[in-house]
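Analysis of the macromolecular model
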Amino acid sequence: MRIDRLTLRSFRNYHDMTITFPSGGAYITGANGSGKTNMLEAMYFLANQMSFRTTKREELPALGTTQCLIAAVVTSQETERQSELAIQLSPHGRRLLVNGKATRDLQKFATYFAAVAFHPGTLNVIKGGPGGRRTLIDRGIASLQPGFLQIGQEHQRLLKQRNALLRTPTPEHLATLAVWTERFIEVAVQITRARQAHMVCLNAILAELGASLGLDVGTVALTYQPAVLAHCAAPERVALLQTHTDETLLRERFMSEAQRLQRAEIAVGQTLFGPQRDDITIAYRERETRSYASQGQQRLSAFLLVAALALAIERQHGHRPVVLLDDVVSELDEHNRRVIFGFLQAHAFQVFITDVEERCLYRHLEAFSSFHVRQINGHAELYESAAAQRILL
């Protein structure tokens, strides 16, 4: 897939802009705060119906406005089918349009355009707490299975309802708690199995990347740590996470945890089991990245996770996602930059790279157009540089 033309109206600091991009992508420079990341965020939102920076849609319209538009002409590189996509955001919600016609079919909308992103916040997956790692995995699953978004939303709804009952444990509320617990467990089982299957998929691709990129890259690997299995012996934990295992055993394990923790839950007024308490270990060269990897190795590991997701989308859906790289090369030495651009050279993705300055990128890639972003009267404007169709070397 590729994005041929992008229109932004009242999105972040873009007032009204339409820009055409080449099939290879673009190298976008500009000062900090000029609007480079905002543009990649808009592309990502169009593909995934979510931002990689915020969960609050009301933050996306420009200051002083309540509505915004993201629209694009996208082309399937495999079939050369061209489509016009748009998302309108307002206080009334989100409106999706395909070729000028409104649609509520989120899963169908997601088939027209896909994108993956590396951004500075991606590093929080490695450096930060488990919430960021859960989000990374769940967004990856949603990129492959758009219906997973609804499962995640249902989990949040059930969790909120269950917590409300626990905070006011009247006899009436406790009588209905069992019903909500059963519903919660059904969704928890779906999420747990989806996360495990996704990590199996990513680990296989990460192993391939470690071997194919050469340059002594090393391998990144993920290990799932469901909280519900924390007290299980290793063999039992492995058995319960097998993707072909009957869900009944995992469901029984969740129910056992619910019963074991119910008194403690009533005491603290919140749910103490479930996928919202899971974690994922990320290892580089068989050592946990948060504690043992250097800054460059952490950054490379985060990029390889994004690269693995891009390949997973291509293999599962038969189309290539757009790759969005926001400030990916800063703090990397020449070796790790060669790894990144070696990957981009080996795969025919449309790529958008942002940077604060133009620099040698160490590897021959497809011809990009070079753009520069600057703010004028508080609004971002994008200009194609004089060195159009620059070859990045």
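All of the points below concern the structure found in this document.

By size, the foremost hydrophobic cluster in this structure holds 120 residues, and its most contacted members are Leu6, Phe21, Phe113 and Phe352. In terms of residues, this core owes the most to one element, helix 6 (residues 171-212), which gives 14 residues. With near-sequence residues (within four places) excluded, Phe113 lies in contact with Met1, Ile3, Met43, Leu46, Ala47, Val74, Leu85 and Val322.

So, on to the side chain of Arg253. Along the polypeptide, Arg253 turns up in helix 8 (residues 247-268). Excluding its chain neighbours within four sequence positions, the residues that come into contact with Arg253 are Val228, Leu229, His231, Cys232 and Leu240.

Next up on the list: the packing of aromatic side chains. For any pair of aromatic rings, geometry is given as the distance between the ring centres together with the angle between the planes. Inspection of every chain in the model, using the stated rule, returns 7 aromatic pairs. With centroids separated by 5.4 Å and ring planes inclined at 85 degrees, the aromatic side chains of Phe184 and Phe273 adopt a geometry described as edge-to-face. Placement of the pair is Phe184 in helix 6 and Phe273 in the loop between helix 8 and strand 10 (279-284), with a sequence separation of 89 residues. Comparing Phe184 with Phe273, the two get one shared label, buried.

A separate point is the sheet that holds strand 3 (residues 25-30). Taken together, the 6 strands give an open sheet; going across it, the order is 8-12-13-3-14-15, and neighbouring strands pair in mixed fashion. Two strands close off the open sheet at either side, each with one partner strand: strand 8 (115-118) and strand 15 (379-384). On average, each strand axis in the sheet is inclined to that of its neighbour by 20 degrees, with strand direction left out of account. In the sheet, strand 12 (residues 322-326) pairs with strand 13 (residues 351-355) via 4 bridges, with the strands oriented parallel. Residue pairing for strand 13: Asp326 is matched across the bridge by Thr354. Sheet strands touched by helix 10 (residues 295-317): strand 8 and strand 12. Its angle to strand 8, the strand with the most contacts, is close to 175 degrees.

Non-glycine residue Asn99 carries a positive phi angle of around 55 degrees. Relative to the assigned elements, Asn99 resides in the loop between strand 6 (93-98) and strand 7 (101-103). Note on Asn99: relative accessible area 44%, which makes it partly exposed. Its identity is not glycine, yet Arg285 carries a phi of approximately 55 degrees, on the positive side. Here Arg285 shows up in the loop between strand 10 and strand 11 (287-288). Of the residues examined, Arg285 reaches a relative accessible area of 38% and is grouped as partly exposed.

What follows covers the pattern of salt bridges. Throughout the structure, instances matching the rule amount to 20 salt bridges. Between Asp279 and Arg133 there is a salt bridge, and its shortest N-O distance comes to 2.8 Å. Here Asp279 is found in strand 10, whereas its partner Arg133 is found in helix 4 (residues 130-144), with 146 residues between them in sequence. Look at Asp279 and you get buried, because its relative accessible area is 18%. Among the salt bridges present, the one from Glu257 reaches Arg253, with a minimum N-O distance of 3.7 Å. Residue Glu257 and its partner Arg253 are located together in helix 8, separated by 4 residues, close to a single helical turn. Looking at Glu257, the relative accessible area reads 4%, which means it is buried. It is possible to trace a salt-bridge network through shared partners that takes in Glu186, Arg193, Glu247 and Arg251.

Counting buried positions over the 10 residues of strand 1 (residues 2-11) gives 8, a clear majority of the element. Across 7 bridges, strand 1 lies against strand 4 (residues 68-75) in antiparallel orientation. Each residue of the ladder has a partner; that of Leu8, found in strand 4, is Ile70. Relative to strand 2 (residues 14-20), strand 1 runs antiparallel, the two being bridged by 6 bridges. Note on strand 2: the bridge partner recorded for Arg5 is Thr20. Counting the residues that bridge the hairpin from strand 1 to strand 2 gives 2 residues, and of these Arg12 lies at a positive phi of roughly 50 degrees.

Now for helix 10. Side chains of residues three or four places apart in an α-helix project in the same direction, reflecting 3.6 residues per turn. With 23 residues, helix 10 should cover 33 Å at 1.5 Å per step; its first-to-last C-alpha distance of 33 Å lies within 8% of that length. Phi turns positive one or two residues past the end of helix 10, at Gly318, with a value near 80 degrees.

Reading across from one edge, 2-1-4-5-6-7 is the order of the 6 strands in this open sheet, with antiparallel pairing throughout. Among the strands making up the open sheet, the edge pair consists of strand 2 and strand 7. Each strand of the sheet is rotated relative to its neighbour by a mean of 20 degrees, with strand direction disregarded. The strands touched by helix 1 (residues 36-48) within the sheet are strand 1, strand 2, strand 4 and strand 5 (82-90), with strand 1 carrying the most contacts at an inclination of about 110 degrees.

About the thresholds
Residues numbered from 1 in each chain as written. Predicted model: local features only at pLDDT ≥ 70, side-chain atom pairs only at ≥ 80, totals over all residues. Heavy atoms only, no water. Core = buried A, V, L, I, M, F, W, Y, C linked by side-chain atoms within 4.5 Å. Buried < 20%, exposed > 50% of the residue type's maximum accessible area, 1.4 Å probe, protein only. Helix = DSSP H or I, 4+ residues; strand = E, 2+ residues; numbered from the N terminus. Contact = heavy atoms within 4.5 Å. Phe/Tyr/Trp six-rings, centres within 6.5 Å; stacked < 30°, edge-to-face > 60°. Pairing = 2+ DSSP bridges. Axes fitted to C-alpha atoms, helices over the stretch in contact; angles between N-to-C directions. Salt bridge = Lys/Arg side-chain N within 4 Å of Asp/Glu carboxyl O. Expected span 1.5 Å × (residues − 1).

That's the geometry; what it means functionally is another story.
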